[in-house]
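Architecture at a glance
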Amino acid sequence: MLKGSERKVSLKRKQGPLYQQIQKILKDRILHGVYPLGSIIPSEPQLEKEFGVSKMTVRGAVQELAQEGYVQKKSGIGTIVMRNTAYQKLSKGKRFTELLVEAGHKLEKKLLSTSLVTNDAGTEEYSRYGPYCQRIERLYILDGQPYIHLVHFLTAAALPGGGSAELGADIQSLYDSLEENDIVLENFRDRFFVESAPPEVCLLLKLPPGTPVLKRLRNSYDGEGRLIEHSIGCYNTELHHYLVSYDT
């Protein structure tokens, strides 16, 4: 049986009902292989201790997961992970991270920093993002080894109050957080190329200075064609190739 995290997870009431926050965290762990398909998630007492909440709050979170088809409670056994892929609105294709999890890998996300940035009028950043943008820096860890360095820029159109506030620091799923703010991504455009990783990225990915990496630039748009997110990803493909899978 998989045990819950040893450290207590801090929840914030202003970010919504506690059971929904826990549901999102558990779902994110399932989608990233922390709780693999067919495994048993931590027991209710373990989750109560980890999140510092009541039994009813934990049960509400697990019931939400069960209704979405991610888990199923079996008497005398525990709560079993039944599905580890998310419904995709953007295309029939599966996310790269889902393909890794399906192959049996464990993918963890580490938030490195998040900040609200003011863009000066007349600059390229202003014309692209608007007067404000939120910069979110993350590190993805594959089976215990640093694998992807990602920097997201959320435009003013994606932020609460048109950029006067930022999304919470405890973001579990960026795209879920956008949907909670009534922003649905309808399409995206990716551009790939290979170049030497910057020194700070080499340090984070534990690569020798100047190591070539696969770089992905992504622009994500809503139904009105507005740019919502621009992201820059550096992938250590020596650790694992980048995969794309499409259904017919």
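Just so it is clear, the model here is predicted, and its values are computed rather than measured. (Residues numbered from 1 in each chain as written. Predicted model: local features only at pLDDT ≥ 70, side-chain atom pairs only at ≥ 80, totals over all residues. Heavy atoms only, no water.)

Some details on the packing of helix 2 (residues 44-51) against helix 3 (residues 55-67)
When two helices pack together, their arrangement is given by the angle between the helix axes and by the axis-to-axis distance. To keep things clear, this is the line we draw: Whenever a helix is involved, its axis is fitted only over the stretch in contact; in every case the axis is a line through C-alpha atoms, and angles between N-to-C directions fall within 0 to 180 degrees. Helical segments are the DSSP runs of H or I of at least four residues, strand segments are the runs of E of at least two, and each set is numbered from the N terminus. With respect to orientation, any angle under 35 degrees is reported as roughly parallel, any angle over 145 as roughly antiparallel, any angle of 65 to 115 as roughly perpendicular, and every other angle as oblique. Whether two residues touch is decided by their heavy atoms; if any such pair falls within 4.5 Å, the residues are in contact. Ten residues, namely Ala, Val, Leu, Ile, Met, Phe, Trp, Tyr, Cys and Pro, are considered nonpolar, four, namely Asp, Glu, Lys and Arg, are considered charged, and the remaining ones, Gly among them, are considered polar.
Where helix 2 contacts helix 3, the axes come no closer than 9 Å and their chain directions differ by 110 degrees. Put simply, helix 2 runs roughly perpendicular to helix 3. Across the interface between the two elements, E44, L47 and E48 from helix 2 touch K55, V58, R59 and V62 from helix 3. When the residues that make up the contact of helix 2 with helix 3 are grouped by side-chain class, the tally is 3 nonpolar, no polar and 4 charged.

Description of the pattern of salt bridges
Here is the rule we go by: Salt bridge criterion: a side-chain nitrogen from Lys or Arg within 4 Å of a carboxyl oxygen from Asp or Glu. Per-residue accessibility, obtained with a 1.4 Å probe over protein chains only, is compared with the maximum for each type, and a residue is labelled buried under 20%, exposed over 50%, and partly exposed between these values.
Counted under the stated rule, the structure contains 11 salt bridges. K109 is paired through a salt bridge with D28; the nearest N and O atoms lie 2.9 Å apart. Of this pair, K109 sits in strand 3 (residues 107-118) while D28 sits in helix 1 (residues 18-31); the two residues are 81 residues apart in sequence, bridging distant segments of the chain. Residue classification places K109 among the partly exposed residues on the basis of a relative accessible area of 25%. Judged by relative accessible area, D28 falls into the buried class, the value being 10%. Note that E224 and R226 form a salt bridge whose closest N and O atoms lie 3.8 Å from each other. A residue is classified by how much of its surface remains accessible, and R226, at 37% relative accessible area, is partly exposed.

A few points about helix 3
Selection criterion: Here, expected helix span is obtained from the residue count minus one, scaled by 1.5 Å.
Here helix 3 is 13 residues long and its end C-alpha atoms lie 18 Å apart, about the 18 Å a rise of 1.5 Å per residue gives. Every buried residue belonging to helix 3 is among T57, V58, G60, A61, V62 and L65, and all of these are buried. The secondary structure elements touched by the buried residues of helix 3 are helix 1, helix 2, strand 1 (71-74) and strand 2 (78-81). After helix 3 finishes, the residue G69 shows a positive phi value of roughly 90 degrees.

Things to note about the sheet that holds strand 7 (residues 212-222)
The strands that make up a sheet pair up through hydrogen bonds in the backbone, lying either parallel or antiparallel. Which entries qualify depends on this criterion: Strands qualify as paired when DSSP identifies two bridges or more between them.
Here we have 6 strands laid out as an open sheet, ordered 3-4-5-8-7-6, and antiparallel in their pairing. The open sheet has two edge strands, strand 3 and strand 6 (185-196), and neither has a second partner. Neighbouring strand axes in the sheet, compared pairwise and without regard to direction, differ in orientation by 15 degrees on average. Pairing of strand 5 (residues 145-155) with strand 8 (residues 227-235) involves 7 bridges; the strand directions are antiparallel. Looking across to strand 8, one finds that I148 is bridged to Y235.

What to know about the confidence of the model for the chain
Quick note on the threshold: The quantity known as pLDDT measures the predictor's confidence residue by residue, on a range of 0 to 100.
In this model, the chain carries a mean pLDDT of 84, and residues with pLDDT of at least 70 account for 88%. Across the chain, element-level confidence peaks in helix 7 (residues 199-205) with a mean pLDDT of 96 and bottoms out in helix 6 (residues 174-180) with 73. Taken together, the stretch residues 1-6 has pLDDT below 50 and engages in 17 contacts with residues farther than four places along the chain or on a different chain. Overall, residues 89-93 carries pLDDT values under 50, and its contacts beyond four positions in sequence, including any with other chains, amount to 11 contacts.

What to know about the nonpolar core
Rule in force here: Definition used in this section: a nonpolar core is a set of buried Ala, Val, Leu, Ile, Met, Phe, Trp, Tyr and Cys residues joined via side-chain atoms within 4.5 Å.
Formed by 20 residues in total, the largest nonpolar core has its most connected members in L11, I22, L26, F51 and V53. Every element with two or more residues in this core is listed here: helix 1, helix 2 and helix 3. Ranked by the residues each element gives to this core, the list is headed by helix 1, at 6 residues. Dropping the residues within four chain positions of it, L26 is found in contact with Y35, L47, F51 and L65. Of all hydrophobic cores here, the second largest spans 11 residues; its members include I136, L154, L159 and Y175.

With respect to unusual backbone geometry
One non-glycine residue, D143, lies in positive phi territory at about 50 degrees. If you trace the backbone, D143 turns up in the loop between strand 4 (132-142) and strand 5. The residue K206 is not glycine, and still its phi comes out positive at about 60 degrees.

With respect to the packing of helix 1 against helix 3
Note the threshold: Crossings are sorted by hand: turned counterclockwise from the far helix by less than a right angle, the near helix makes the crossing left-handed, and turned clockwise it makes it right-handed.
Where helix 1 meets helix 3, the closest approach of the two axes is 8 Å, and the angle between their N-to-C directions is 50 degrees. Our classification of the angle between helix 1 and helix 3 gives oblique. Where helix 1 crosses over helix 3, the two elements pack in a sense that is right-handed. Contacts from L18, Y19, I22, Q23, L26 and K27 of helix 1 reach helix 3 at T57, G60, A61, E64 and L65.

Thoughts on the environment of L65
Tracing the chain through its elements places L65 in helix 3. Between the C-alpha atom of L65 and that of K27, which follows or precedes it by 38 residues, the distance is 7.1 Å. If sequence neighbours within four positions are ignored, L65 has contacts with Q23, L26, K27, Y70 and V71.

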